[in-house]
Amino acid sequence: MNAALAGLLLCASAVAADAEEARYRFEWQGGGGYVMRGAMSFDAALLGSSIVTASDLTCFFIEGSRDGGPVGRWALSMLNEETSWVLTFLPQSSEFAVFGEGAMMPQAWNMDGFGTDCGAGGFGFNIGNAAQDLCIDGRLILESQVPPERPFPALRDDALSFPPDACMGPLMMSALPADKSFSPQLKDQTDVQ
């Protein structure tokens, strides 16, 4: 039985290692000198899909700056059961979904519609019905806002390297309570922006 289980785990590891990943980098220009850069990856088999969501990602991180100085960072390994985490990517057009009919809040990257849940010392991004904007240190940064429907493209770059905390790993979920089932999704899908 142990040999069969070990063989199954070895096969699963080999399949995961052989899976081709699509990697994208992106840069968002906000108001007030704010800029956010980041990258993500997912199984390349999803390139033919109409959407890729947060649960499809294998790696993801964002880093913010204002006038060239760092203001915050968030990575996939920081995800927990309290994190606002919605991502909607359109692989056919290589862009993130923005506000529009049927997409009231298509992006919530460690930031809900109030813009206050990125946490002390935290960093997040949101696209809601009022704006595309940032959260820094648990507060909405009004100066960062740009129109909610502004396009947000990404560029495929399969040569990208990710920092270790950007990628899903076997130990990432170990900090979650054992008695709760965990599904990363937005805590409250009500958007007030």
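On a predicted model such as this, the values are computed, not experimentally measured, just so you know.

Attention now goes to the nonpolar core. Counting 32 residues, the largest nonpolar core has Phe60 and Trp109 as its most contacted members. Leave out the neighbours within four places in its chain, and phenylalanine 60 touches Phe26, Ala39, Met40, Trp74, Ala75, Leu76, Trp85, Leu87, Trp109 and Ala166. If you look at the next biggest cluster of nonpolar residues, it comprises seven residues, including Ala39, Phe61, Ala75 and Leu160.

Scanning the model with the defined rule gives six salt bridges in all. Notably, a salt bridge pairs glutamate 63 with arginine 73, separated by 3.1 Å at the nearest N-O pair. Separated by ten residues along the polypeptide, glutamate 63 in strand S4 (residues 57–66) and arginine 73 in strand S5 (residues 69–75) bring together distant segments of the chain. Bridged by salt links that share partners, the residues Glu20, Arg156 and Asp158 form one connected network.

The backbone of asparagine 110 sits at a positive phi, close to 60 degrees, despite the residue not being glycine. Counting through the fold element by element, asparagine 110 comes out in the loop between strand S9 (107–109) and strand S10 (123–127). A relative accessible area of 7% means that asparagine 110 is categorised as buried. Phi angles above zero are rare outside glycine, and aspartate 137 is one such case at about 55 degrees. Looking at the secondary structure, you find aspartate 137 in the loop between strand S11 (132–136) and strand S12 (139–146). On the accessibility criterion, aspartate 137 (48% relative accessible area) is partly exposed.

Okay, the sheet that holds S11 next. Strand order in this open sheet of five strands is S6-S9-S10-S11-S12, and the pairing throughout is antiparallel. Unpaired on one side and paired on the other, strand S6 (85–86) and S12 mark the two borders of the sheet.

Burial within strand S2 (residues 34–43) is extensive, with eight of its ten residues counted as buried. Here strand S1 (residues 21–29) pairs with S2 via nine bridges, running antiparallel. What sits directly across from arginine 25, in S2, is alanine 39. Linking S1 back to S2 in an antiparallel pair, the connection comprises four residues, with glycine 32 at a positive phi of about 65 degrees. Alignment of S2 against S4, held across nine bridges, turns out to be antiparallel. Paired with glycine 38 across the bridge in S4 is isoleucine 62.

Definitions and cut-offs
Residues numbered from 1 in each chain as written. Predicted model: local features only at pLDDT ≥ 70, side-chain atom pairs only at ≥ 80, totals over all residues. Heavy atoms only, no water. Core = buried A, V, L, I, M, F, W, Y, C linked by side-chain atoms within 4.5 Å. Buried < 20%, exposed > 50% of the residue type's maximum accessible area, 1.4 Å probe, protein only. Contact = heavy atoms within 4.5 Å. Salt bridge = Lys/Arg side-chain N within 4 Å of Asp/Glu carboxyl O. Helix = DSSP H or I, 4+ residues; strand = E, 2+ residues; numbered from the N terminus. Pairing = 2+ DSSP bridges.

Everything listed is a geometric property; what it means functionally is a separate question.
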